Amino acid sequence: MSGEDTLAARLVFDREVEPETLLEWTEQTATPKPAREVRLAGALLVRTGKEWLGLPAPIVESAMPLGPVHSVPYLSSRAFLGLINVDGELLPCVSLAVLAGAEPDPAPARPRIITVTVAEGRFSLLTDEAEGTCGYDPDTATLPPDTVSNSPYRLVKHMAVLEGRTAGIMDETLLGRALLRSLRP
């Protein structure tokens, strides 16, 4: 800072303030600020193929690396992969990509098993990646595009921005029904 700048700064900051201006600044400072009420909803951001999906946080129990999946004789489908041991309990393991109608990543770098509890029971979902939990404002969520809402795999209730990515937020009721249907031979 040069000598001229220092002098100019002193003239600005050391000047006398008019009483009206001082009163106005005091009133502005003393006025209570309006409370910002932002209602956030939580979701676990996961990737299946090229699709980013948000699993409602209340149904998510855990996320863990992929372990061995044991096949079940006479019970197989594209979605149902078998049984997996989660904390000593065998849970149905279902491909989230198949349920959502997405093309699964053939060689995911970080496959994860997500354990969820829905009205139909506990299930484990195979995903290609789990980014983490994050919040979003449900009031700013938008309806899914026609290509998603008219899909035979309708599981997305709305779209939201999670961690800078546009993701489809899954409807837990529709997800529960789809998980139960995946167990039928």
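Above this note sits the structure.
Here goes a summary of the coordinates provided. (Residues numbered from 1 in each chain as written. Predicted model: local features only at pLDDT ≥ 70, side-chain atom pairs only at ≥ 80, totals over all residues. Heavy atoms only, no water.)

Of regular secondary structure, the protein possesses five helices and 11 strands. Relative to the compact-globule value of 16 Å for 185 residues, the protein shows a C-alpha radius of gyration of 26 Å, a clear excess of over 25%. With the principal axes as the frame, the protein shows a C-alpha extent of 90 × 35 × 35 Å. Pairs at least 24 apart in sequence give 59% of the contacts found in the protein among residues at least 6 apart. Carbon and sulfur atoms form 55% of the exposed surface of the protein, whose accessible area is close to 11,700 Å². Looking at the protein, you have 17 positive and 25 negative side-chain charges, and the mean spots of the two groups are 11 Å apart. (Helix = DSSP H or I, 4+ residues; strand = E, 2+ residues; numbered from the N terminus. Rg over C-alpha atoms; globule rule 2.2 N^0.38 Å. Contact = heavy atoms within 4.5 Å. Areas by Shrake-Rupley, 256 points an atom, 1.4 Å probe, with all protein chains shown as cover. Lys, Arg positive; Asp, Glu negative; His and termini not counted. Charge placed at Lys NZ, Arg CZ, Asp CG, Glu CD.)

A surface patch of nonpolar side chains, about 270 Å² in accessible area, is lined by V17, L22 and W25. Relative to the elements of secondary structure, L22 occurs in helix α2 (residues 19–30). Overall, L22 belongs to the partly exposed group, its relative accessible area being 47%. (Patch = residues over 30% accessible without salt bridge, like charges linked within 9 Å, V, L, I, M, F, W, Y side chains within 5 Å. Salt bridge = Lys/Arg side-chain N within 4 Å of Asp/Glu carboxyl O. Buried < 20%, exposed > 50% of the residue type's maximum accessible area, 1.4 Å probe, protein only.)

On to the environment of R47, then. Within the secondary structure, R47 sits in strand β1 (residues 41–48). Overall, R47 belongs to the buried group, its relative accessible area being 14%. Distance from R47 to L96, taken between C-alpha atoms, is 9.2 Å for residues 49 residues apart in sequence. Each residue touching R47, except ones within four places of it in the same chain, is listed here: W52, D105, T127, D128 and E129. Separated by 2.8 Å, the side chains of R47 and E129 make a polar contact. (Polar contact = N/O pair within 3.5 Å; in protein donor to acceptor, adjacent residues only side chain to side chain.)

Before going further, it helps to examine the sheet that holds strand β5 (residues 80–86). Strand order across the open sheet formed by six strands is β3-β7-β8-β6-β5-β4, with mixed pairing between neighbours. Whereas interior strands pair on both sides, the edge strands pair on one side only; in this sheet they are β3 (60–65) and β4 (69–70). In this structure, β4 lies alongside β5, joined through two bridges in antiparallel fashion. Counterpart to V69 in the pairing with β5 is I84. (Pairing = 2+ DSSP bridges.)

What follows concerns the pattern of salt bridges. For the structure shown, the criterion picks out six salt bridges. The residue R47 makes a salt bridge to D105 at a minimum N-O spacing of 3.5 Å. Placement of the pair is R47 in strand β1 and D105 in the loop between α3 (96–100) and β7 (112–118), with a sequence separation of 58 residues. The exposure class of D105 is partly exposed, given its relative accessible area of 25%.

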